[in-house]
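As a plain string of letters, each chain reads:
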Amino acid sequence: MKKKIYVHVADDHKIVIEGIIAVINTDNDISINGYSLTGEEVIDFFDKKGNRVDVLILDITMPILDGIEVLRHFKENKINQNVIILSSYDDIKIVEEVLKLGCKGYVTKKSAGEHIVNAIKAVANGEQYFSNDVQKTLFTTFSGAKTHEKTELPDKFLIDTLTEREVDVIRLIVKEYSSQEIADELNVSTRTVETHRKNLIKKLKVKNSVGLAMYAVKNKIV
């Protein structure tokens, strides 16, 4: 029997919460465990009431304490909570800030209906997830970034060390395939896919799957 994924939703607009809950309720694998209208209510839910959920969906702009302050509170108090930011903004500075604070996913409100269920499942499974518009922003920014410092191995050398199967995996990551979808496509186990993913992250000196995808685009692996 599949384990349920429990989600808490935090947004200062009740109508947004109701919309997100309506989308989530279309999937039998996910259940709602309450909602918060302010950042203070979020912290109260986790701290005073001692609740834990598989995924917290968190808005950036909330009264009393905003989403970034909630993330800082989690980090400072070593609260290990999977968080997906749900925001009206796709500003790269905001995305970078929340990633530094431990956020695992970022979905814009305009694309929430299309992405939120997949985002919840990916983040609950230990992966990162970004809606298409956020990925585009990240790719565009990364493409204009500086290459590795001279003290590091040249990109050409690093790319030449990739095996054929690793290249297959990174190409499918760029296409936003989940670990299960990559496993099905390559006819291997999800554990094998995750091993390749970890090796790629280490080999290419990036931090996560988004970093892999951006590296692949920047260096024309795809």
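The structure we're discussing is the one just above.
The sections below set out a description of the structure shown in this document. Each chain carries its own residue numbering, running from 1 in the direction its sequence is written. In keeping with the model being predicted, local features are shown solely for residues with a pLDDT of at least 70 and side-chain atom pairs are shown and tallied solely at 80 or more, while totals for entire chains, interfaces and linings include all residues. Side-chain numbers here rest on the full set of heavy atoms in the structure, without hydrogens or water.

**As for the overall build of the protein chain**
Tallying secondary structure elements over the protein chain gives 11 helices and six strands in all. Relative to the 2.2 N^0.38 estimate, which gives 17 Å for 222 residues, the radius of gyration of the protein chain is 18 Å and therefore close to what a compact globule would have. With the C-alpha coordinates of the protein chain rotated into their principal frame, the extents come out at 50 × 40 × 30 Å. When the 222 residues of the protein chain are sorted by exposure, 45% land in the buried category. Contacts are assigned to residue pairs that have any heavy atoms within 4.5 Å of one another. In the protein chain, 64% of the contacts between residues at least 6 apart in sequence involve partners at least 24 apart. In this description, accessible areas are obtained by the Shrake-Rupley approach with a 1.4 Å probe, and a residue is regarded as covered only by the protein chains that are shown. Of the roughly 12200 Å² that the protein chain leaves accessible, carbon and sulfur atoms contribute 50%. Between the centroid of the 32 positive side chains of the protein chain and the centroid of its 33 negative side chains there is a distance of 6 Å. Runs of E in the DSSP output that reach at least two residues are strands. Runs of H or I that reach at least four are helices, and both are numbered from the N terminus. As defined in this context, the radius of gyration uses C-alpha atoms, and a globule is described by 2.2 Å times the residue total to the power 0.38. Burial classes: relative accessible area under 20% of the type maximum marks a residue as buried, over 50% as exposed, and values in between as partly exposed (1.4 Å probe, protein chains only). Counted charges follow a simple rule, with Lys and Arg positive, Asp and Glu negative, and His plus the chain ends left uncounted. Taken as the charge centre is NZ of Lys, CZ of Arg, CG of Asp or CD of Glu, depending on the residue.

**Structural notes on the pattern of salt bridges**
Only one rule defines a salt bridge in this text: a Lys or Arg side-chain nitrogen within 4 Å of an Asp or Glu carboxyl oxygen. One pass over the full model with this rule turns up seven salt bridges. As a salt-bridge pair, Asp11 and Lys109 come within 2.9 Å of each other at their nearest N and O atoms. Of the two residues, Asp11 sits in the loop between β1 (5-10) and α1 (14-24) while Lys109 sits in the loop between β5 (105-108) and α5 (112-124), which places them 98 residues apart along the sequence. A residue is classified by how much of its surface remains accessible, and Asp11, at 1% relative accessible area, is buried. Exposure remark for Lys109: the relative accessible area of 23% places this residue in the partly exposed category. Salt-bridge contacts for Arg165 lead to Asp168; the nearest nitrogen and oxygen are separated by 3.6 Å. You can see Arg165 and its partner Asp168 sitting in helix α8 (residues 164-174), three residues apart, about one turn around the helix. Asp168 sits in the partly exposed class, given a relative accessible area of 23%.

**Remarks on the side chain of Ser36**
Within the secondary structure, Ser36 sits in strand β2 (residues 30-36). Judged by relative accessible area, Ser36 falls into the buried class, the value being 2%. Residues adjacent in sequence count toward polar contacts only when both atoms are side-chain atoms; beyond that, a polar contact is any pair of N or O atoms within 3.5 Å, and within protein one must be able to donate a hydrogen and the other to accept it. In this structure the side chain of Ser36 is engaged in a polar contact, spanning 2.7 Å, whose partner is the side chain of His8. For Ser36, the residues in contact, after removing those within four places along its chain, are His8, Val9, Ala10, Asp11, Ile17, Glu41 and Val42.

**Let's talk about the pairing of β2**
With five bridges connecting them, β1 and β2 associate as parallel partners. Bridge pairing in β2 links Tyr6 to Ser31. Here is how to tell: hold the view so the strands point away, follow the path from the first strand over the helix to the second, and if it runs clockwise the crossover is right-handed. Since β1 and β2 lie parallel, the crossover through α1 that links them has a hand, and here it is right-handed. Here, strands pair whenever DSSP counts at least two bridges between them.

**Some words on unusual backbone geometry**
At Ile64, a residue that is not glycine, the phi angle is positive and equals roughly 70°. Note on placement: Ile64 falls in the loop between β3 (55-59) and α3 (67-76). In this model, Glu176 sits at a positive phi of 70°, which is unusual for a non-glycine residue. Relative to the helices and strands, Glu176 is located in the loop between α8 and α9 (179-186). What makes Glu176 partly exposed here is its relative accessible area of 36%.

**Details of α8**
Within α8, burial applies to Glu166, Val167, Val169, Ile170, Leu172, Ile173 and Val174. On its buried side, α8 packs onto α9, α10 (190-203) and α11 (209-218). Glu176, located one to two residues past α8, shows a positive phi value of around 70°.

**Re the packing of α9 against α10**
The axes used here are C-alpha line fits, helices contributing only the stretch in contact, and every angle between their N-to-C directions lies in the interval 0 to 180 degrees. The interhelical angle for the contact between α9 and α10, taken along N-to-C directions, is 110°, at an axis separation of 8 Å. One element, α9, and the other, α10, form an angle in the roughly perpendicular class. Here α9 contributes Ser179, Gln180, Ile182 and Ala183 to the contact with α10, which in turn contributes Thr190, Val193, Glu194 and Arg197. Looking at the contact of α9 with α10 residue by residue, the classes come out as three nonpolar, three polar and two charged. Orientation labels follow simple angle bins: below 35 degrees gives roughly parallel, above 145 gives roughly antiparallel, 65 to 115 gives roughly perpendicular, and whatever is left gives oblique. Side-chain classes follow a simple rule in which Ala, Val, Leu, Ile, Met, Phe, Trp, Tyr, Cys and Pro form the nonpolar group, Asp, Glu, Lys and Arg form the charged group, and the remainder, Gly included, forms the polar group.

**Topic: the packing of aromatic side chains**
Only the six-membered ring of Trp is used, alongside the rings of Phe and Tyr, when aromatic pairs are assigned; centres must lie within 6.5 Å, and planes under 30 degrees apart are stacked while those over 60 apart are edge-to-face, with the rest tilted. Summed over the entire model, instances satisfying the criterion amount to two aromatic pairs. Ring centres 5.1 Å apart and planes at 80° place the aromatic pair Phe45 and Phe46 in the edge-to-face group. Exposure class is identical for Phe45 and Phe46. Each is buried. Ring centres of Phe46 and Phe74 lie 5.3 Å apart, and the angle between their planes is 75°; on these two criteria the pair is classed as edge-to-face. In this pair, Phe46 is assigned in helix α2 (residues 39-46) and Phe74 in helix α3, connecting sequence segments 28 residues apart. Side by side, Phe46 and Phe74 carry an identical accessibility label, which is buried. Ring-pair connections join several aromatic residues into one group, and the members of that group are Phe45, Phe46 and Phe74.

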